Amino acid sequence: FTGLKTLGSNIWKANIKGQVDEVWGLQLDGKRATRARFPNLPGGIEVTPGYGYMIPGGSAKWAPPNTSRFEPVTYFTDNTPEHRRNTTVDNWFQQYMIGVNGLCGIYDPPVSYWCSEHPSGGGAFAFRTPSGMEAPSGLLPNAPYQDVSEMILNVW
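Parameters and conventions
Residues numbered from 1 in each chain as written. Predicted model: local features only at pLDDT ≥ 70, side-chain atom pairs only at ≥ 80, totals over all residues. Heavy atoms only, no water. Disulfide = S-S within 2.5 Å. Helix = DSSP H or I, 4+ residues; strand = E, 2+ residues; numbered from the N terminus. Buried < 20%, exposed > 50% of the residue type's maximum accessible area, 1.4 Å probe, protein only. Pairing = 2+ DSSP bridges. Core = buried A, V, L, I, M, F, W, Y, C linked by side-chain atoms within 4.5 Å. Contact = heavy atoms within 4.5 Å. Polar contact = N/O pair within 3.5 Å; in protein donor to acceptor, adjacent residues only side chain to side chain. Phe/Tyr/Trp six-rings, centres within 6.5 Å; stacked < 30°, edge-to-face > 60°. Patch = residues over 30% accessible without salt bridge, like charges linked within 9 Å, V, L, I, M, F, W, Y side chains within 5 Å. Areas by Shrake-Rupley, 256 points an atom, 1.4 Å probe, with all protein chains shown as cover. Salt bridge = Lys/Arg side-chain N within 4 Å of Asp/Glu carboxyl O. pLDDT = per-residue confidence, 0-100.

Here the focus is the state of the cysteines. Within the structure shown, the criterion is met by one disulfide. Between the sulfur atoms of Cys-104 and its disulfide partner Cys-115 the distance amounts to 1.6 Å. Taking the sign of the S-S torsion, 85° for the link of Cys-104 and Cys-115, the bridge is right-handed. With a gap of eleven residues between them, Cys-104 in the loop between β7 (97–100) and β8 (111–112) and Cys-115 in the loop between β8 and β9 (132–134) connect regions that are remote in the sequence. Of the two residues examined, Cys-104 and Cys-115, each falls in the buried class.

Summarising the sheet, strand β6 (residues 74–77) and β7 pair through four bridges and their orientation is antiparallel. Directly across from Thr-77, in β7, lies its bridge partner Met-97. Where β7 meets β8, two bridges bridge the pair, whose relative direction is antiparallel. Looking at the pairing, Gly-99 lines up with Ser-112 of β8.

The subject of this paragraph is the nonpolar core. If you look at the biggest cluster of nonpolar residues, it comprises five residues: Phe-70, Leu-103, Cys-104, Cys-115 and Phe-127. If sequence neighbours within four positions are ignored, Phe-70 has contacts with Gly-102, Leu-103, Gly-105 and Ile-106.

Another point: the side chain of Gln-94. Note that Gln-94 resides in the loop between β6 and β7. At a separation of 2.4 Å, a polar atom in the side chain of Gln-94 contacts the side chain of Arg-84. Discounting chain neighbours no more than four positions away, the residues touching Gln-94 are His-83, Arg-84, Arg-85, Asn-86 and Thr-88.

Quick look at the sheet that holds β8 now. With respect to topology, three strands assemble into an open sheet ordered β6-β7-β8, the strand pairing being antiparallel. Of all strands in the sheet, those with a lone pairing partner are β6 and β8, marking the two edges.

Attention now moves to the packing of aromatic side chains. Taken as a whole and assessed by the stated rule, the structure comprises three aromatic pairs. Relative to Tyr-113, the ring of Phe-93 has its centre 6.0 Å away and its plane inclined at 45°; by these criteria the two rings are tilted. Of this pair, Phe-93 sits in the loop between β6 and β7 while Tyr-113 sits in the loop between β8 and β9, and the two are 20 residues apart along the sequence. Judged by relative accessible area, Phe-93 falls into the partly exposed class, the value being 37%.

We now examine the side chain of Asn-101. Position of Asn-101 relative to the elements: it lies in the loop between β7 and β8. Classification of Asn-101 by relative accessible area gives buried; the value is 18%.

Attention now goes to unusual backbone geometry. In the segment running from Asp-108 into Pro-109, the intervening peptide bond is cis, with an omega of 5°. Structurally, Pro-109 is set in the loop between β7 and β8. Despite not being glycine, Asn-101 has its phi angle at roughly 70°, a positive value.

This part takes up a nonpolar patch on the surface. Side chains of Tyr-145, Val-148, Met-151 and Leu-153 sit close together on the surface and give an oily, nonpolar patch of about 320 Å² of accessible area. Within the element layout of this structure, Leu-153 appears in the segment after β9.

Attention shifts here to the confidence of the model for the chain. A residue-level look at the chain finds 80% of positions with pLDDT of 70 or above and a mean pLDDT of 78. Ranking the helices and strands of the chain by mean pLDDT puts β6 first, with 93, and strand β1 (residues 2–8) last, with 69.

If you want it as structure tokens, here you go:
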């Protein structure tokens, strides 16, 4: 991209208009980086910000996932008896299983255990991301925002 400018200490801006369609992630020198966010966590998006910065599911109105934009999911579960793990707690994680495409189309490659047909573990369910949220006044930190047209919510 062109026109990389510094806006201060470790803050950068670049005009990528017409150069890419979407930016799902950020890489610097070939390594994954974290886009601007609140709270700003050194661990990146893989680290939970803690319950103080999470929106409880019942506190907002969540729009259902937009599944029409993805290919149908293909499930794979290894049912080979010799591969079964019979030593797991509460019979969880006994078989290797994945889902390919579907809502995991946001990943590269588009595959994950969390897109499998029957993920297990403490209240687990297949990966799905809401397509939007309507938050009551005072729910989001530092609100109101001037422009939310490109806001991204990281969901767990």
